[in-house]
Amino acid sequence: MVDKKLIYKLGKWLLIIILLSFVAGTMSALFLTSLDLATNFRTQHPYVLYLLPLGGLAIGLIYHYSGKSIERGNNLVFDTIHNPKDVIPFRMAPLVLLGTVATHFFGGSAGREGTALQMSAAAADQFHKIFHLSKQERIVLLIAGLSAGFASVFGTPWAGAVFGIEVLLLAKIPYKAIFPALATAFLSAYVTSLWGVGHTHYHIDTVPGLSLRGIAYSIFAGLVFSAAAILFVRLTHQISVFFKKIKYSPLRPFVGGFIVVGIVLLLGTYKYIGLGIPTIVDSFVQSSEPQDFALKILLTAITLGAGFKGGEVTPLFFIGTTLGSALSLWLPLPVGLLAGMGFVAVFAGAAKTPVACCIMAMELFGVSCGVYVVIACVVSYLVSGAHSIYNASENKSPKHFLFGKFSLTDVHRKKQIKTS
């Protein structure tokens, strides 16, 4: 006998997955197209950088008067998943889209994943009342929204599906979320491609055979990448605390804009503003300057800490690839391989998503780099401890579904307790 309730439930979720995938993929296509237009205009008219303080003031005013309830961004989404309460306002989607495009148009140093995650999650949460979803079903829906946003903005559906679960640092895998996360990740990425929006391609020319020396070099590189992740997280946090001393929030990005402009003028280059995709691509074929990663950390920390909108992940890609590329001056590994390892390992340490990062590397660079990437990502994740770009309360005590609560930071803390 046919179970009508089961058929109804499957049909309901199939409809939700199709609708969410279309909406998330379309929004990512609109966002990426807008971002390209803004970046191209700024590149052709570099003088718009001087308007960055005014752009920051405009973003600050919009969020101060229309977006106070959503200014926590990704952390609001994560808190909602851990403790579902009020519906995430849909206005989060257009506001973060506008704010991020404006940040890049005027020359701020920021990324794009945060915007895609917030847009997809805000859109996803609107479905839970329409389809009368339970609390647990709503959590699954929001996880699927995260996966759809990540997959569609980077064109990496397998990594996107895992990211939506892993980023929440859940001790137990929510099995009910696996299929919706996979389905929305693949379908949303496909929808984005249907709109004719492509993604940047990266290539690792040479991957040497595995050896004990190669493993040792990978471990050392992972340690360096974890240090970069820690530096980025700490500096961004400290700068954010500093800017919060300015009581009237719209003035924070206004002041931050002046600082960014001043640093760019002192450096005499536009290399470290915006996404920095050309520099990332170049890092795979030639050694980067040793200071590139540090300057990107500085400008991104100021941009995001001051209250401009955008994500952290693409800047982390920039930081990782340029740092890995520069390491090729001292480590006897191919420059492209080290750049690829850094691309995902710094992200793994800062976002606490080593599994998604390993999968992402294999989607982008091929499976041949697998062992080197896995070593670098796991070392970076473990050594960076509890440092995370996502500050939702549940994310401050890592409970990874593969690595448990273990981190070297936790071990160090236990030793301090015993000796005190």
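That block above? That's the structure.
Here we summarise the structure given alongside this text.

On to the environment of Phe105, then. With respect to the helices and strands, Phe105 occurs in helix H4 (residues 92-106). Judged by its relative accessible area of 24%, Phe105 is partly exposed. With 64 residues separating them in the primary sequence, Phe105 and Phe41 have C-alpha atoms 7.4 Å apart.

So, about a nonpolar patch on the surface. There is a patch of nonpolar side chains on the surface, built from Leu61, Tyr65, Tyr248, Leu251, Val255 and Ile259 and spanning about 500 Å² of accessible area. Elements represented by at least two residues in the nonpolar patch include exactly helix H2 (52-66) and helix H11 (251-267). Turning to its location among the elements, Tyr248 is positioned in the loop between helix H10 (212-243) and H11.

Following both chains from N to C, one finds helix H1 (residues 4-44) and helix H9 (residues 175-194) inclined at 45°, their axes separated by 7 Å at the closest point. Our classification of the angle between H1 and H9 gives oblique. Handedness of the crossing formed by H1 with H9: right-handed. Residue-level inspection shows Ile17, Leu20, Ser21, Phe22, Ala24, Gly25, Thr26, Ser28, Ala29 and Leu32 of H1 in contact with H9, the latter providing Phe179, Pro180, Ala183, Thr184, Leu187, Ser188, Val191 and Thr192.

Moving on, we come to the nonpolar core. Proteins that are soluble and globular tend to have nonpolar side chains buried together. Residues Leu146, Phe225, Met341, Phe343, Phe347, Phe365 and Tyr390 are the most contacted members of the largest nonpolar core, which totals 119 residues. Broken down by element, the residue count for this core peaks at 12 residues, all from helix H15 (residues 335-351). The contact partners of Phe225, leaving out residues within four places of it in the chain, are Gly320, Leu323, Gly324, Leu327, Leu338, Met341, Gly342, Ala345, Val346, Ala376 and Ser380.

Applying the stated criterion across every chain, the model contains zero disulfides. This cysteine, Cys357, is not joined by any disulfide, and Cys377 carries the nearest cysteine sulfur, 5.2 Å off. Its sulfur unpaired, Cys358 is 4.0 Å from the next cysteine sulfur, which belongs to Cys377.

On to the packing of aromatic side chains. When we look at a pair of aromatic rings, we describe it by the centre distance and by the angle of the planes. If you walk through the whole model with that rule in mind, you get 20 aromatic pairs. Taken together, Phe150, Phe154, Phe163, Tyr202, Phe284, Phe317, Phe343, Phe347 and Phe365 form an aromatic cluster joined through their ring pairs. One Lys or Arg, Lys309, reaches over the ring of Tyr63 and ends 4.1 Å from the middle of that ring.

Residue His132 is not a glycine yet carries a positive backbone phi of 55°. Following the sequence through the fold, His132 ends up in the loop between helix H6 (127-130) and helix H7 (135-154). One non-glycine residue with positive phi stands out, namely Lys352, at about 60°. Along the chain, the position of Lys352 falls in the loop between H15 and helix H16 (354-365).

Each value, and the rule that gives it
Residues numbered from 1 in each chain as written. Predicted model: local features only at pLDDT ≥ 70, side-chain atom pairs only at ≥ 80, totals over all residues. Heavy atoms only, no water. Helix = DSSP H or I, 4+ residues; strand = E, 2+ residues; numbered from the N terminus. Buried < 20%, exposed > 50% of the residue type's maximum accessible area, 1.4 Å probe, protein only. Patch = residues over 30% accessible without salt bridge, like charges linked within 9 Å, V, L, I, M, F, W, Y side chains within 5 Å. Areas by Shrake-Rupley, 256 points an atom, 1.4 Å probe, with all protein chains shown as cover. Salt bridge = Lys/Arg side-chain N within 4 Å of Asp/Glu carboxyl O. Axes fitted to C-alpha atoms, helices over the stretch in contact; angles between N-to-C directions. Parallel < 35°, antiparallel > 145°, perpendicular 65-115°, else oblique. Left-handed = near helix turned anticlockwise from the far one by under 90°. Contact = heavy atoms within 4.5 Å. Core = buried A, V, L, I, M, F, W, Y, C linked by side-chain atoms within 4.5 Å. Disulfide = S-S within 2.5 Å. Phe/Tyr/Trp six-rings, centres within 6.5 Å; stacked < 30°, edge-to-face > 60°. Lys NZ or Arg CZ within 6 Å of the ring centre and 35° of its normal.

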